[in-house]
Amino acid sequence: MLGGQALRRQEQVMRGFTLVELAVALAILAVTLLAVCGLFQGSSEGMHYFSSVGAADIGAQRALDKLVEDMRNAPSSDISVTPFGGFDSVTLKRAWGENGTATITYTVDEDNQLVRIANIYGQGILREVLVRNVDAVLRQGVKGFSVSPIGDSSLYLSLIHI
């Protein structure tokens with residue numbers, strides 16, 4: 001009988017977890033939660049980066065579409081390309097509205113934005129930011145914004161590096 005009481009006391013003492021076991025379990029839980037939070041933060045930053053790249057790509061495509069439209073509506077003799085270090089500046093004259101004309105310049109401003117400046121005769125100047133964060137530094141022979149004529153034709157190659 002005496003042995004049975006000692007066994008019951010030992011069973012009562014052995015119930016639950018020790019403080020060390022609880023601390024180890026909490027440490028494992030904390031490390032696991034930190035890893036999961038790190039994954040969520042990394043994926044959130046990645047999503048933000050790729051959405052900003054997508055927006056920049058859409059902006060660059062719209063800018064090139066406007067440039068193409070303006071160049072198509074300008075005689076090739078009225079298109080001039082001026083190089084500036086890391087980017088080109090394009091100036092052209094084209095018909096505007098029913099009887100008007102406009103001088104339009106595409107250039108990169110001091111804030112590294114590709115801007116379209118339209119001087120519309122009789123109506124004033126319209127300045128439009130087309131693309132932000134244009135790389136206006138010449139890197140490995142690549143300009144941030146360039147427009148190059150192809151041979152003697154009226155074709156041009158345009159590039160925007162963001």
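Residues numbered from 1 in each chain as written. Predicted model: local features only at pLDDT ≥ 70, side-chain atom pairs only at ≥ 80, totals over all residues. Heavy atoms only, no water.

1. Structural notes on helix H2 (residues 19-72)
For the record, the criterion: Secondary structure elements follow DSSP: runs of H or I no shorter than four residues count as helices, runs of E no shorter than two count as strands, and numbering proceeds from the N terminus. Expected helix span is given by 1.5 Å per residue-to-residue step, counting one fewer step than there are residues. Using a 1.4 Å probe on the protein chains alone, a residue whose accessible area is under 20% of its type maximum counts as buried, one over 50% counts as exposed, and one in between counts as partly exposed.
An ideal rise of 1.5 Å per residue puts 80 Å on 54 residues; H2 measures up with 79 Å between its terminal C-alpha atoms. Among all positions of H2, only Gly59, Ala60, Ala63, Leu67, Asp70 and Met71 are buried.

2. Comments concerning the layout of surface pockets
The test is simple: Put plainly, a pocket is an open set of points on a 1 Å grid over the protein atoms alone with protein on both sides within 12 Å along at least five of seven lines, a cavity is a set where a 1.4 Å probe fits but cannot get out, and a lining residue has an atom within 4 Å of a point. Grid points are joined across faces, edges and corners, and a volume is the space filled by probe spheres set on the points. The nonpolar class holds Ala, Val, Leu, Ile, Met, Phe, Trp, Tyr, Cys and Pro. Asp, Glu, Lys and Arg form the charged class, and all remaining residues, Gly among them, are polar.
Size it by volume and the largest pocket reaches roughly 250 Å³. Lining the largest pocket are Leu64, Val68, Met71, Arg72, Ala74, Ser76, Ile79, Ser154, Leu155, Tyr156 and Ser158. Mapped onto the lining of the largest pocket, the elements with two or more residues apiece are H2 and strand E7 (156-160). It is H2 that provides the largest number of residues to the lining of the largest pocket, a total of 4 residues. Each residue belonging to the lining of the largest pocket can be placed in one class, and the counts come to 7 nonpolar, 3 polar and 1 charged.

3. Some points on the pattern of salt bridges
Applicable threshold: Here, a salt bridge means any Lys or Arg side-chain nitrogen found within 4 Å of an Asp or Glu carboxyl oxygen.
Summed over all chains, the structure comprises 5 salt bridges. Salt-bridge contacts for Asp70 lead to Arg94; the nearest nitrogen and oxygen are separated by 2.5 Å. Placement of Asp70 in helix H2 and of Arg94 in strand E2 (residues 87-96) is noted, with a sequence separation of 24 residues between them. Arg94 carries the same exposure label as Asp70, and that label is buried. We classify Asp70 as buried; its relative accessible area is 1%. Salt bridges sharing common partners tie together Lys66, Asp70, Arg94, Arg116 and Glu128.

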